[in-house]
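Per-entry structural report
Okay, here's what each chain looks like letter by letter:
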Amino acid sequence: MENFTFYSPTFFVFGKDTENEVGQYVKQFGGSKVLIHYGGKSAKSSGLLDRVEAALAKEGIPFVSLGGVKPNPRSGLVYEGIELCRKENVDFILAVGGGSVIDSSKAMAAGVLYDGDFWDFYAGKAKIEKALPIGTILTIAAAGSEGSRDSVITREEDLMKRGASSDLLRAKFSILNPALTQTLPPYQTAAGITDIMAHLYERYLTNTKEVEVTDRLIEALLLTMKHEGPRVIADPNNYEARANIMWAGMMAHNNSVGVGRSQDWNSHNIEHELSALYDCAHGAGLAVTMPAVFKYVMNHDVMRFAKAAVRIWGCQMDFDHPEVTALEGIEAFRRFLIDLGMPKNFEELGAKEEDIPTLVRMLCHGTRRDGNLYGFVKLTEEDCTNIYRMMV
Ligand code: NZQ
Ligand code: ZN
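A few points on the structure. (Residues numbered from 1 in each chain as written. Chains lettered and ligands numbered in written order. Predicted model: local features only at pLDDT ≥ 70, side-chain atom pairs only at ≥ 80, totals over all residues. Heavy atoms only, no water.)

1. Considerations on a nonpolar patch on the surface
A grouping of Met1, Phe4, Phe6, Val213 and Leu217 is seen on the molecular surface, where their side chains present a nonpolar patch of about 470 Å² in accessible area. Its relative accessible area of 48% is what places Val213 among the partly exposed residues. (Patch = residues over 30% accessible without salt bridge, like charges linked within 9 Å, V, L, I, M, F, W, Y side chains within 5 Å. Areas by Shrake-Rupley, 256 points an atom, 1.4 Å probe, with all protein chains shown as cover. Salt bridge = Lys/Arg side-chain N within 4 Å of Asp/Glu carboxyl O. Buried < 20%, exposed > 50% of the residue type's maximum accessible area, 1.4 Å probe, protein only.)

2. Observations regarding the pairing of strand β4 (residues 92–97)
By the criterion of burial, β4 is predominantly enclosed, with six of the six residues buried. The sheet contact formed by strand β2 (residues 34–38) and β4 spans five bridges and is parallel. From the neighbouring strand, Leu35 faces β4, where its bridge partner is Ile93. Note: β4 against strand β5 (residues 134–138), five bridges, orientation parallel. Bridging from a neighbouring strand, Ile93 pairs with Ile134 of β5. (Helix = DSSP H or I, 4+ residues; strand = E, 2+ residues; numbered from the N terminus. Pairing = 2+ DSSP bridges.)

3. Section: the side chain of Thr385
Examined against the element boundaries, Thr385 turns out to sit in helix α16 (residues 381–391). Taking the relative accessible area as the measure of exposure, Thr385 reaches 17% and is therefore buried.

4. Description of the site of ligand 1
The local shell around ligand 1 holds 32 residues, among which Gly40, Ser42, Gly99, Ser100 and Asp103 are the closest. Residue His282 places a side-chain N or O atom 3.3 Å away from an oxygen atom belonging to ligand 1. Elements with a contribution of two residues or more to the shell around ligand 1: α5 (99–112), β6 (150–155), α7 (186–204) and α10 (266–278). Taken together, the residues that form the shell around ligand 1 break down as nine nonpolar, 18 polar and five charged. (Near = heavy atom within 4 Å. Polar contact = N/O pair within 3.5 Å; in protein donor to acceptor, adjacent residues only side chain to side chain. Nonpolar A, V, L, I, M, F, W, Y, C, P; charged D, E, K, R; others polar.)

5. What about the sheet that holds strand β1 (residues 11–14)?
The six strands are arranged β1-β8-β5-β4-β2-β3 in an open sheet whose pairing can be described as parallel. The open sheet has two edge strands with one neighbour each: β1 and β3 (63–66). Each strand axis lies, on average, 15 degrees off the axis of its neighbour in the sheet, ignoring direction. The sheet contacts of helix α4 (residues 75–87) involve β2, β3 and β4, and relative to β3 the element is tilted by about 165 degrees. (Axes fitted to C-alpha atoms, helices over the stretch in contact; angles between N-to-C directions. Contact = heavy atoms within 4.5 Å.)

6. A look at unusual backbone geometry
Most of the time, phi is negative for any residue but glycine, and the peptide bond is trans. Positive phi values are uncommon outside glycine, yet Asn255 reaches one of about 80 degrees. Counting through the fold element by element, Asn255 comes out in the loop between α9 (239–253) and α10. The phi dihedral of Trp265 is positive, around 75 degrees, even though this residue is not glycine. One can find Trp265 in the loop between α9 and α10.

7. Quick look at the packing of aromatic side chains
Taken as a whole and assessed by the stated rule, the structure comprises 20 aromatic pairs. The interplanar angle of 65 degrees and the centroid separation of 6.2 Å between the aromatic rings of Phe305 and Phe376 together place this pair among those described as edge-to-face. Linking Phe305 in helix α12 (residues 302–311) with Phe376 in the loop between α15 (356–365) and α16, this pair joins segments that are 71 residues apart in sequence. Take Phe305 and Phe376: they sit in the same class, and that class is buried. When the ring centre of Tyr239 is taken as reference, the NZ or CZ atom of Lys16 above it lies at 4.4 Å. (Phe/Tyr/Trp six-rings, centres within 6.5 Å; stacked < 30°, edge-to-face > 60°. Lys NZ or Arg CZ within 6 Å of the ring centre and 35° of its normal.)

Here's what the structure looks like:
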């Protein structure tokens, strides 16, 4: 195991009706003027926003609101939010929504207290030194941003989708009420499940030896997702299944299962160009990306893939031909995602073969890249081209 530090100060509030207590948590974490940030329509139409506003009013906390965050959140609304926070002397940002709303809130939180362009953090030109505190009320189990130190934003002018990370971006509190996710369309539920499993696989693909504790934790979470995913698709109102998925989603990405080990993240890098260019759901993009990446890199450590095949997907170990077992495991995962309702190729995702050169250029030569991707296996431009071709 490698040396590591781990700082995860978020206060989690989990369960039914917990969003009604948000006023007291904003107060507890020092908020005196709040920006409520939310998405397109779901928080409004479900009545959640009304309840949040009532909970803040009950504690006498003034607020302003900014809605309209789109999936794969854009830089334009971040600039707008930064201006609004400064004008209104906001000292606490409350994200009501999914990963996109939370990531947009994190970008604003860092940007408000920075003299330059907030994009500097995403371009790797500046380090986040301070940020306004944020709290979240999560409405979809997926990105894990409620517990993570990351934020992913797409710059409008060139569709460059990049991330920024800092412990200062971790939420002060996150309210997780699984019942709030019951209004999700099945496709979004499935995309969320896929993203959670991707966060686990990205950590499982490691070059670090002797990481039994985190290997086993990741396997446990993947097995949970394998069990609960189909249950929640069959019965969207299954509160218990949604509760297990929601907490697994947090654990998958706050990095408690990723410490002390190298991680991959090349499926994410390759996918981010797809959701940037086609505006598809991040999880749907991952469903098409992961099987291709896994098949491409599996011979780098075939026993790791074989182990996942046996322990997670119940495959029979073929000791003479471990690559057969490894492939069976990848295929079982691919089939699982298709059965959940996820796309299986470029066409179903809405991606185009003729765009592959553009995707590879943005991926390998865009902001913060030197022509290669570094992870479980180093991927060159040619490798990335081959991987995108495998998805067609
Ligand atoms: O805007 P509304 O109307 O709320 O609709 C949203 C949106 O269309 C809808 N939705 C959310 N909760 C709902 C609901 N609809 C009905 N009922 C509810 N309860 O779902 C759609 C997707 O929402 P979004 O926030 O985009 O989903 P997700 O949480 O998957 O976030 C995706 C974004 O997070 C980034 C992704 O790249 C993508 O931009 N990621 C962020 C990470 C992080 N910060 O740590 C890590 C991830 O790997 C990921 O890259
Ligand atoms: Zn993800």
